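Working through the structure, step by step
Here are the chains, one letter per residue:
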Amino acid sequence: MIIDIHGHYTTAPKALEDWRKRQIDNLSTPELGPKPSELKISDDELRDTIESNQLRLMKQRGSDLTIFSPRASFMAHHIGDFNTSSTWAAICNELCYRVSQLFPDHFIGAAMLPQSPGVDPATSIPELERCIKDYGFVGINLNPDPSGGHWTSPPLSDRHWYPIYEKMVEYDIPAMVHVSTSCNCAFHTTGAHYLNADTTAFMQCLTSDLFTDFPTLRFVIPHGGGAVPYHWGRFRGLAQEMKKPLLKDHLLNNIFFDTCVYHQPGIDLLTKVIPVDNVLFASEMIGAVRGIDPETGHYYDDTKRYIEAAALTDAERQQIFEGNARRVYPRLDAALKAKGL
């Protein structure tokens, strides 16, 4: 199988965006709505958005299954309060669940959490549990910066986050560390804020002993790890100066990277620097970079082509395309085995 671990519902029906606009417009007067029950999206509308977009491209490009979560830039945890985020997360997660039910062979869910700046992460646990137990989701997206580019939360190594980690360990699920929209004009959302966050999350783990407290905790750092592979020597050297263990022992039992890197030299670097055991296939298709590369004539986010062209053995490609995903996402593996796959 070819499993894409990084998909977002970026093509959801416009009614979702319209509902969200009304919610934001009425932040100071929530009694004016909208109520969740006012959002009406039919199964046929969901089918149309998926069949003509994500599923069409999956079939064209040759991927089989996508771990599907709400649109990352729409999470916007900095907007409103916890009640705002809680209602919004529940709606978005339910839509992803409905997609997974309509296309069970091609999509399985990962949850958006109802995070909010300054709010105890433990408040996200009921939604996390609902998505895992009721929806059969296989992971979560964890935003290390709910403030939207102002970084007001403690680092991921802080005990502030431990309630989420305890639940991750209990349910044996990984978290993709994924920020949302930047409301700080200094940081472009997808070109700077996302990649800054990927690099920052890795460094927060490097400077801590988080995985001593949680030996089985697993993070997926998306977008190829931000600057991490390119500056692997810097991180090794900093760890050495801090008297930390070798990075392969200190972090690589717990941290994994996806292949949302949109050119061949980037994938070549990623797969040369980072052990193949720590690389999971992903495309984030119909996401941040949707165009065609004039140098190749192919879509930038058709990342399968890069893996096929990289200097890898067939066994290593199988690890990246399937084996590592099944190991890092045990609930995904169990769901596939239940289908005889």
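What you see is a predicted model, and the numbers here were worked out from it, not measured in a lab. (Residues numbered from 1 in each chain as written. Predicted model: local features only at pLDDT ≥ 70, side-chain atom pairs only at ≥ 80, totals over all residues. Heavy atoms only, no water.)

1. Section: the overall build of the protein chain
How we decide: Runs of E in the DSSP output that reach at least two residues are strands. Runs of H or I that reach at least four are helices, and both are numbered from the N terminus. Each radius of gyration reported is based on C-alpha atoms, and the globular scaling rule is 2.2 Å times the count of residues to the power 0.38. Partly exposed residues are those whose accessible area sits between 20% and 50% of the maximum for their type, while under 20% is buried and over 50% is exposed, using a 1.4 Å probe and protein chains only.
Helix and strand content of the protein chain: 14 helices and 9 strands. At 19 Å, the protein chain has a C-alpha radius of gyration in line with the 20 Å of a compact globule built from 341 residues. On the principal axes, the C-alpha backbone points of the protein chain span a range of 55 × 45 × 40 Å. Looking at the 341 residues of the protein chain, the share that counts as buried comes to 54%.

2. As for the sheet that holds strand S7 (residues 219-221)
To be explicit about the condition: Only strands that DSSP links by at least two bridges are regarded as paired with each other.
In spatial order, the strands read S4-S5-S6-S7-S8-S9; together these 6 strands make up an open sheet with parallel pairing. Each edge of the open sheet carries a strand with a single partner, namely strand S4 (111-112) and strand S9 (279-280). Looking at chain direction, strand S5 (residues 140-142) and strand S6 (residues 175-177) are connected through 3 bridges and run parallel. Residue Leu142 lies in a different strand from S6, and its bridge partner there is Val177.

3. Structural notes on empty space enclosed by the protein
We apply this condition: Space inside and on the surface of the protein is sampled on a 1 Å grid over the protein atoms alone, with a cavity defined as a set of points where a 1.4 Å probe fits but cannot get out and a pocket as an open set with protein on both sides within 12 Å along at least 5 of 7 lines; lining residues have an atom within 4 Å of a point. Grid points are joined across faces, edges and corners, and a volume is the space filled by probe spheres set on the points. Following the grouping adopted for this structure description, the nonpolar residues are Ala, Val, Leu, Ile, Met, Phe, Trp, Tyr, Cys and Pro, the charged ones are Asp, Glu, Lys and Arg, and the polar ones are all others, Gly among them.
Under the criterion given, the structure shown has 3 cavities of 30 Å³ or more. In this structure, the largest cavity encloses a volume near 70 Å³. Ile5, Ile67, Ala110, Asn141 and Met176 are the residues nearest the centre of the largest cavity, which is lined by 14 residues in total. Among the elements of the structure, strand S1 (3-9), strand S2 (65-70), S5 and S6 are those that each provide at least two residues to the lining of the largest cavity. Grouping the amino acids of the lining of the largest cavity by side-chain chemistry returns 9 nonpolar, 5 polar and no charged.

4. A short note on the packing of helix H1 (residues 14-25) against helix H4 (residues 82-102)
Relative placement of two packed helices is described by the angle separating their axes and the distance separating the axes. To keep things clear, this is the line we draw: To get an axis, a line is fitted to the C-alpha atoms, and for a helix only the part in contact is used. The angle between two axes follows their N-to-C directions and goes from 0 to 180 degrees. Here roughly perpendicular refers to angles of 65 to 115 degrees, roughly parallel to angles under 35, roughly antiparallel to angles over 145, and oblique to all remaining angles. Residue contacts are counted whenever heavy atoms from the two residues lie within 4.5 Å of one another.
Relative to each other, H1 and H4 sit at 175°, their axes nearing to 12 Å. One element, H1, and the other, H4, form an angle in the roughly antiparallel class. Listed contacts from H4 to Leu16, Trp19, Arg20 and Gln23 of H1 are Thr84, Thr87, Trp88, Ile91 and Leu95. Looking at the contact of H1 with H4 residue by residue, the classes come out as 5 nonpolar, 3 polar and 1 charged.

5. Quick word on the sheet that holds S1
Spatial ordering of the open sheet is given by S1-S2-S3, a layout of 3 strands whose pairing is parallel. The outermost strands of the open sheet, each flanked by one partner alone, are S1 and strand S3 (107-109). Pairs of neighbouring strands in the sheet enclose a mean axial angle of 35°, with direction left out of account. Two strands pair when backbone bridges link them, and S2 and S3 are joined in this way by 3 bridges, in the parallel orientation. Within S3, the position partnered with Thr66 by the bridge is Phe107. Its contacts with the sheet put helix H14 (residues 330-338) on S1, S2 and S3, and the angle it makes with S2 is roughly 130°.

6. Section: the packing of aromatic side chains
Note the cut-off: What counts as a ring pair is set by centres within 6.5 Å for rings of Phe, Tyr and Trp (its six-membered ring), and what kind of pair is set by the plane angle: stacked under 30 degrees, edge-to-face over 60, tilted for all other angles.
Inspection of the entire model under this criterion finds 16 aromatic pairs. Seen from their ring centres, Tyr135 and Phe137 are 5.5 Å apart, and the 50° between their planes marks the pair as tilted. In this structure Tyr135 comes out as buried when scored by relative accessible area, which is 14%. Phe137 sits in the buried class, given a relative accessible area of 1%. Pairing Tyr165 with Phe214 gives two aromatic rings, centres 5.6 Å apart and planes at 75°, and the pair type is edge-to-face. Remark: Phe214 occurs in the loop between helix H8 (210-213) and S7 and Tyr165 occurs in helix H6 (residues 162-171); sequence separation between them is 49 residues. For Tyr165, a relative accessible area of 0% corresponds to the buried category. Residue classification places Phe214 among the buried residues on the basis of a relative accessible area of 10%. Taken together, the ring pairs in this structure connect Tyr162, Tyr165, Phe211, Phe214 and Phe219 into an aromatic cluster.

7. Some words on unusual backbone geometry
Leaving glycine aside, a negative phi is the common case for residues, and trans is the common case for peptide bonds. Backbone torsion omega between Gly33 and Pro34 reads 10°, so that peptide bond is classified as cis. Examined against the element boundaries, Pro34 turns out to sit in the loop between H1 and helix H2 (43-61). With a phi angle near 40°, Ala76 is a residue other than glycine that sits in the positive phi range. With respect to the helices and strands, the residue Ala76 is situated in the loop between helix H3 (72-75) and H4. Positive phi values are uncommon outside glycine, yet Trp151 reaches one of about 50°.

Coordinates in, geometry out; function isn't part of it.
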